[in-house]
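If you want the building blocks of each chain, they are given just below.
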Amino acid sequence: MIFFNTILPSAISIATIFLFGCVGEIIMEKSGHLNLGIPGVMCFGTLGGCVGVSIFMSSYSSDPLSAPWFGLVLISLLFSALFSLIAGLIYAFLTVTLKCNQNVTGLALTTFGGGVVDLFMSTIDKSYFSYASKIIRYHLPFADSLGAFGKIFFGHGILVYLGIVIALITAFILKKTRVGLSLRSIGENPATADAQGINVTKYKYGAILIGSIIAGFGGLFYVMDYVGGSWENSGTIQAFGWLALALVIFTVWRPSLAIIGSIIFGLFFILPSYVSGISFVTMKVLKILPYVITVIVLIITSIVGKKGVQPPSSLGQSYFREER
Amino acid sequence: MVAKNNTKNINITFENISKSFGVVKANQNVNLDIYEGEILALLGENGSGKTTLMNMLSGIYYPDEGNIYVKGEKVNIASPKDAFSYHIGMIHQHFKLIDVFTSLENIVLGIESNVSKKQKWSYFFKNFYKKKEDRETKYIDRASVKDARPIVQEICDKYGFILDLDKKVYDMSVSEKQTLEIVKTLYRGADILILDEPTAVLTPIEIDKLFNVLRNMKNDGKSIIIITHKLNEVMEISDRVAVLRKGECIGSVVTKNTNEAELTEMMVGEKIELNIKRDEPVNPVDRLIVKDLECKNEDGREILHDVSFTARSGEILGIAGISGSGQKELLETIAGLIKGSSGEITYINPKTDKEVNLRSKSPAQIRDLGVRLSFVPEDRLGMGLVGNMDLVDNMMLRSYRKSKSHLVDRKKPTELANEVVNELGVSTPSIHTSVRKLSGGNVQKVLVGREIASHPKVLMVAYPVRGLDINSSYLIYNLLNEQKKKGTAIIYVGEDLDVLIALSDRILVIGDGEVRGLVDARKTTKREIGLLMTKKNEGGLDDDK
């Protein structure tokens, strides 16, 4: 029963970090942009969220727990989105407009994001973070009385559900709408999309900015919900960012599968802490499992070779209109 | 249905259209009318400007000079989108389809909705609570995959296309993809359809099918333009033929009133005297003997079929043929880049007179056998040189493996680079400039200079003067002639028949991967070569339709 009572609920919780990062990255990759800057973008999202929280909480310094739930969630999301947007803009400008190498730009963004968040987090007033986290984490009161069922389905803060909703909406848009069709065509063959009159640059910018915002929420969720408002350094967030990138491959570029995939990753991630009597080495080996599985998935999809489970064809390539 | 020429309306008029790319004039003062309900064949050699002309109609290029009229009205076509608004659609040789999408998704991709958001919402609010049978008739959104299905089906039935609307493009054959492209263009409302060499990739049965739907479309009043250089197809399908030569429109004739010989003459034109000096070969001996060479491409389609010829020392063997007839594959098979499936490539070593078989050997193995083979490929910056490296490093590419030391020796390549720059007059800021920054002609000089410096016994050059100006071209011809004097066997693949006739000693004509004939360049005519190139049944100048 410990599995359903404790392990699965916390796996779902941790999965949300992967889920945000993964869905954001999928949107970008569907436009043909491989953004290795996800860990950096998540750092920006974290920083933004923390800035928002600390501004908002400063007006409730006498009784921090009385801060309104809705206002706090909204402000933290807004600030997080704003900061991730900046990161997204940097990436989009460099790779779409200036057509820089996407891998180099992404990696630079990762290091940059880590540096920025480490630098500025030390200047932010973090004293109310634990209170803010309690408020953001608020879940429906009846969840506790429903046992394991309640814990799994109702025992999470709003951000967990936001992640799942975003994943489902993204899946719907990509699969069912004309916007999704156009976006996917750009990731597959931008020259064709261009010839059909689709504004490639507009779509790429849109996908990168929206994707960045979503990925940034992952960082916000990590600090304000998952770890309860404490702060160590950017390294902890970036580790999740890399796993989110792996998850994109694991879910074969499908946001709906990302929901399940992220929970599986989450399970692998926390399981070692619940298995008693294993050595330190075994624990580390268990933590490697998500990466190992990703590699296996990659091998399987390459062997199967079905076009439906391949990455977008023009992923990672800049589009030059003149080379027609 | 017999075309009634006098009652037909003019659909498109080209007036004095000119277009050049740098120094190359692709089109010069082209005047051409296209009528409603006809199939016009646009005939011409490679590089005669057929595709460029049509690209201007479909909005990919913009003419430098001249006007285009659609139905008597002067128009400005700046993009493919503009072309569609005038009901012009082009089907390119390389299909513009998204592999992972279905036919239907490809067809509606990028179409702007004809239904406004307001209409959609008002329909939704008026009807969403009603039962299915009580609802108003819904609008038809041409941009929606669901609504497009019956319309597309109707188009297919009308003209006789066979197309599975839910099949993914990656599962399709080339012919199916082409069908999809045509249907897609028709769905966008095209009345004027341009097909760029539509039969190049099809089997004979598929060609028949294509011609049938083209006739159906013609009878429906659509104008169809086929870009081609296959004479038999021109005779079979077209109502009228317009011939382009070196960017100029030579004229148009009604297909019924002409024959293949006349068209060939229009296509190749009068002989132009070129001032290329040609020495008699000095005691030629067999150097490279190719026998029954066969080669397949990735899809298993036969590219070369029973190709046999001999290249002799001190002689230039020209290879003529329509582009894509297997020239590239032939040279690459000899160079060891492609593995031939059967046949023999025998190299006779001039010093020892020993024979070596080169087929299925890698370039490195060929070199280790002591075979002095040089190859100047068509794709200069892709296969020949490394664009981002400077002249010295590019010179070194050919020789660094010879050194025994682990460190590279830059001294000799630097000397060679200087030599090439001085002797061939390469204009470059320095020998340490990356090759990518040089102009096309200078890049070619660097490449040819390097290959010649290795004192080859067999030198293969593919389209060496493509994109070069007159002076650079003559320089290359002279270099080849010098090599000829030194006893090198030269294989020259070219597209300009005048140059081939003036430069080569013998000319091998290939078509569809087969040898169509071997002629003496001193005695042959352009017409003879042209006919060998374009006609399936070789030789017969007289068997007109």
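Since this is a predicted model, take the numbers as computed values, not measurements. (Residues numbered from 1 in each chain as written. Chains lettered and ligands numbered in written order. Predicted model: local features only at pLDDT ≥ 70, side-chain atom pairs only at ≥ 80, totals over all residues.)

## Some words on the domain arrangement of chain B
Residues and elements named next belong to chain B. Convention followed: Source of the domain bounds: an automatic or database domain assignment. This entry defines residue contacts through backbone-placed C-beta atoms, with two residues in contact when those atoms are within 7 Å. A run of DSSP states H or I qualifies as a helix once it reaches four residues; a run of E qualifies as a strand once it reaches two. Both are numbered from the N-terminal end. Side-chain classes are defined by residue name, with Ala, Val, Leu, Ile, Met, Phe, Trp, Tyr, Cys and Pro counting as nonpolar, Asp, Glu, Lys and Arg as charged, and the others, Gly among them, as polar.
Taken domain by domain, chain B consists of domain 1 (5-87 + 191-268), domain 2 (279-372 + 455-537) and domain 3 (385-454). Here the C-alpha centre of domain 2 lies 33 Å away from the C-alpha centre of domain 1. At the interface, 14 residues of domain 1 touch 14 residues of domain 2. Where the side of domain 1 that touches domain 2 is concerned, the elements lending two or more residues are helix H8 (231-237) and helix H9 (260-268). In terms of residue count, the dominant contributor to the side of domain 1 that touches domain 2 is H9 (five residues). Residue composition of the side of domain 1 that touches domain 2, by class: six nonpolar, five polar and three charged.

## Digging into the nonpolar core
As a reminder, the rule being used: Joining buried Ala, Val, Leu, Ile, Met, Phe, Trp, Tyr and Cys residues through C-beta atoms within 7 Å gives a set, and that set is a nonpolar core. Whether a residue is buried, exposed or partly exposed follows from its count of other C-beta atoms within 10 Å of its own C-beta, namely 20 or more, 12 or fewer, or something in between, respectively; the C-beta atoms are built from the backbone.
One finds Leu42, Ile225, Ile226, Met460, Tyr492 and Val509 of chain B to be the most contacted residues of the largest nonpolar core, which totals 137 residues. For isoleucine 226 of chain B, the residues in contact, after removing those within four places along its chain, are Ile39, Ala41, Leu42, Leu195, Pro198, Ile237 and Ser238 of chain B. Counting residues in hydrophobic clusters, the runner-up holds 86 residues, among them Ile90, Val96, Tyr226 and Val248 of chain A.

## Let's talk about the interface of chain B and chain A
Between chain B and chain A, the residue contacts involve 15 residues of the former and 16 residues of the latter. Of the residues that constitute the side of chain B that touches chain A, the class distribution is nine nonpolar, one polar and five charged.

## Regarding the environment of proline 413 of chain B
With respect to the helices and strands, the residue proline 413 of chain B is situated in helix H14 (residues 411-424). Ignoring any residue separated from it by four or fewer positions in sequence, one finds proline 413 of chain B in contact with Val392, Met395, Met396 and Ser399 of chain B.

## Here's the deal with the pairing of strand S14 (residues 342-348) of chain B
All names here are of chain B. The cut-off we apply is this: Strands were regarded as paired on the criterion that DSSP finds at least two bridges between them.
Across five bridges, the pairing between strand S11 (residues 286-296) and S14 is antiparallel. The partner of glutamate 294 across the bridge, within S14, is serine 342. What sits between S14 and strand S15 (residues 355-357) in their antiparallel hairpin is a turn of six residues, with aspartate 353 showing a positive phi close to 60°.

## A look at helix H18 (residues 526-534) of chain B
All names here are of chain B. Most of H18 sits inside the fold, with seven of its nine residues counted as buried. Turning to H18, its buried residues are Lys526, Ile529, Gly530, Leu531, Leu532, Met533 and Thr534. Residues of H18 that are buried make contact with H8, H9, strand S13 (315-320), helix H17 (497-503), strand S19 (506-511) and strand S20 (514-520).

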